[in-house]
Every structure is written in structure tokens, then in C-alpha cells.
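# Secondary and tertiary structure notes
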Amino acid sequence: MGKVRNIVIQDMKKILGSSTFWLAVVATALICFTGSMARDTYGLYNYNIVDILTDFSVKDIKENLDDANVKVIFVKETGSYLWMFAPVLAGMPLIPLLCAERKNKAMRYELVRVGKKRFALGKLLSSMISGGMVFMFGYALFGILLAIIFPVMGTDKNVIRYIDNIMLYNHPDFIKVYDAIGYVSMIGLKLAVFFVYGALSAVFAYIMSSFVTNKYIVLCVPYILNYMLSSFIDKQSMSMSFWELPKWFTSNFVNLRVNTSTQIFHVSWSEIGSYFALHITLVICSLIIYNIIMSRRCDCGQ
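Below or above, wherever it landed, is the structure these notes cover. (Residues numbered from 1 in each chain as written. Predicted model: local features only at pLDDT ≥ 70, side-chain atom pairs only at ≥ 80, totals over all residues. Heavy atoms only, no water.)

The next subject is the layout of surface pockets. Approximately 470 Å³ is the volume found for the largest pocket. For the largest pocket, the lining is made up of 24 residues, of which N259, T260, T262, Q263 and I264 are closest to its centre. Only α6 (82-91), α12 (184-208) and α14 (247-254) provide two or more residues apiece to the lining of the largest pocket. Split into classes, the residues belonging to the lining of the largest pocket amount to 10 nonpolar, 11 polar and three charged. As a volume, the second largest pocket reaches approximately 350 Å³. Forming the walls of the second largest pocket are 16 residues, and the residues nearest its centre are V203, F204, I207, L282 and S286. Of all the secondary-structure elements, those providing two or more residues to the lining of the second largest pocket are α12, α13 (215-237) and α15 (269-295). For the lining of the second largest pocket, the element with the highest residue contribution is α15, accounting for six residues. Per-class residue counts for the lining of the second largest pocket are 14 nonpolar, two polar and no charged. (1 Å grid on protein atoms, 1.4 Å probe; cavity = no way out; pocket = protein on both sides within 12 Å on 5 of 7 lines; lining within 4 Å. Points joined across faces, edges and corners; volume = space filled by probe spheres on them. Helix = DSSP H or I, 4+ residues; strand = E, 2+ residues; numbered from the N terminus. Nonpolar A, V, L, I, M, F, W, Y, C, P; charged D, E, K, R; others polar.)

If you want it as C-alpha cells, here you go:
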């Protein structure tokens, strides 16, 4: 594992020193602002950040908008288009480096030193860690910017009322954690699930990089596939006959959407276990496919 660790360490040094990584972080934060920040008391209208800042006073926000404060918005998210661009943003840091290694023959020397299996595993871990860090840092930046520009910070009572409605039925003991640590527990939870979100999203581009060396194709094809898959799942989910199918099938089918991870704490432990079992299986399959493709190349992966 020492050689795998060295691959990951060297990749992360390159990634963190690259402007592409930080551009992806900023892009993630900005995309989070594209969604709905709040809705009115009756739930009829949704408002984005521009609507709220231009059309409402602080008094109006507190009286007429449901859960319109920084603390609740950070926990519940904004329903943005991040799901659409997830494979691109998660793959941006490492994929250009990985494609460049194959094009300029640098991969040849690394494969000779570490072997194809360790190389495949190391690149998978680098992809997932860098993708997870993009989303985690991006959402943290979104929270910081939101706290700066949004006029209502909110209180712990707002947060407790919100999580009581959506979370405590499945995880009643979480309130003890919240009482002991406070809002920091929610921040840690959200950043953790966004790390998982980014890590799983990066696998799309990782597996694609084994087929082609053009970084634009490697990033765009996962974007298209992700959009098609999400649209298909949404369409099937709106059919009543779909929910008459066996529960194990409907649950796993819906869980194919990677962005489900950001709200995973809303469901029971059994469903959480099912989600991670599904995606761990997909990650292992991706590693196997990548390794098979690399092993079939007799010219050191070129």
C-alpha cells in the first residue's frame, strides 16, 4: 500500500497546486447559489437569492418566508443545478493530469515502478479524494458567502424545528449530539456528505479516462450520461406503477442518483446501508474495469 499512498500524495500535491482545483471549488459554490433559498409561508412560491435581496426587507423575510435564514438554508441546501454538473466539477482537478500523463508518455515510468493494479487503485483514490474535496470546500465556501450576504442568520430553534420535521423520526438520538456540540454538528454532517457526493461523482470521469485521452470528452461524456440517468430516474419515479414494484428494486434504482447522498441522513439506517452498498459495488466494478482495460494494453498503458 506504500506505493499506492505515494501515488495519491503526489497527485494531491499537483492537484492542490493547480488553479483548476480552486476554480472547481469556486464554481461549486456559485452553482449552489442558483437554487431556491426560501419559500413563502404557504409554500406557493420559491425565491432565489436575488429575489430575496431585492424584494424583501429583513422584517419581511422573518415574517413571510419559511425558514429563510443562513443556518437552515445551509442544512437543507438550495435545490441548485449542482447535480447536473457534478461529474464535470468532481473530475476537473485530476482528469487533465491523468490524460496528460498518457499523452506525454509519463504514465509509462509510473506503471513500471508501481504496477498496473496499484496504479489503477491509486488513481481511483486520487480521483475520489480530489472530487470530494472540491465539493466539500465548495459547499463550505457557499456557506461562508451566504453568511456574509444573507441578512438573517437564524437561531438554533430554527434549525431544531427543521431537522425535527425531516430527520429525527429516523435518527432520534441525533438531537443529543446537537445538544452537546451545537450547530457545528450540522456543519460537519453536511460537509461530510458533500465529500461523499464529490467522491462518488468523480468515478464517472475516472472510468471514462481509461478509454480516451481527450480531457474534454472524458469530462463531457459523464455529464451527458449523468443527465440522461437522472432524467430517466425522475421520469420513472413519477409513475405510480413504478412504486408498486419490489421495494429493494425501487430503493436501489432511485439511489443510483449520486446526489441522494446529500440528504441521506433523512432516511433510516437500513436505507443508508443500501445506498452505500450499491455505490461501493459500483466503485469496485469501476476499478475492475479500469484495471482490465489497462492490463490489456501491452505498451504500458499508452
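After that view, the rundown keeps rolling.
Between helix α11 (residues 174-181) and α12, the shortest axis-to-axis distance is 7 Å and the interhelical angle comes to 120°. Here α11 is positioned oblique relative to α12, judged by the angle of their axes. When α11 is examined against α12, the residues F174, V177, Y178 and I181 are found in contact with a partner set consisting of V184, S185, M186 and L189. The residue inventory of the contact of α11 with α12, partitioned by class, reads seven nonpolar, one polar and no charged. (Axes fitted to C-alpha atoms, helices over the stretch in contact; angles between N-to-C directions. Parallel < 35°, antiparallel > 145°, perpendicular 65-115°, else oblique. Contact = heavy atoms within 4.5 Å.)

Let's shift gears to the sheet that holds strand β2 (residues 46-47). Sheet strands line up and pair through hydrogen bonds in the backbone, either parallel or antiparallel. Across the sheet, three strands lie side by side as β2-β1-β3; this open sheet has antiparallel pairing. Every other strand in the sheet has two partners, leaving β2 and β3 (65-66) as the edge strands with one partner each. Strand direction decides the pairing type here: strand β1 (residues 38-40) and β2, joined by two bridges, are antiparallel. Directly across from A38, in β2, lies its bridge partner Y47. (Pairing = 2+ DSSP bridges.)

Let us look at empty space enclosed by the protein. Tallied over the entire structure, the rule returns one cavity of 30 Å³ or more. Looking at the largest cavity, its volume works out to about 70 Å³. For the largest cavity, the full set of lining residues is W83, A86, P87, Y197, S201, F204, N226, S230, R257, V258 and N259. Elements supplying a minimum of two residues to the lining of the largest cavity: α6, α12 and α13. Residue composition of the lining of the largest cavity, by class: six nonpolar, four polar and one charged.

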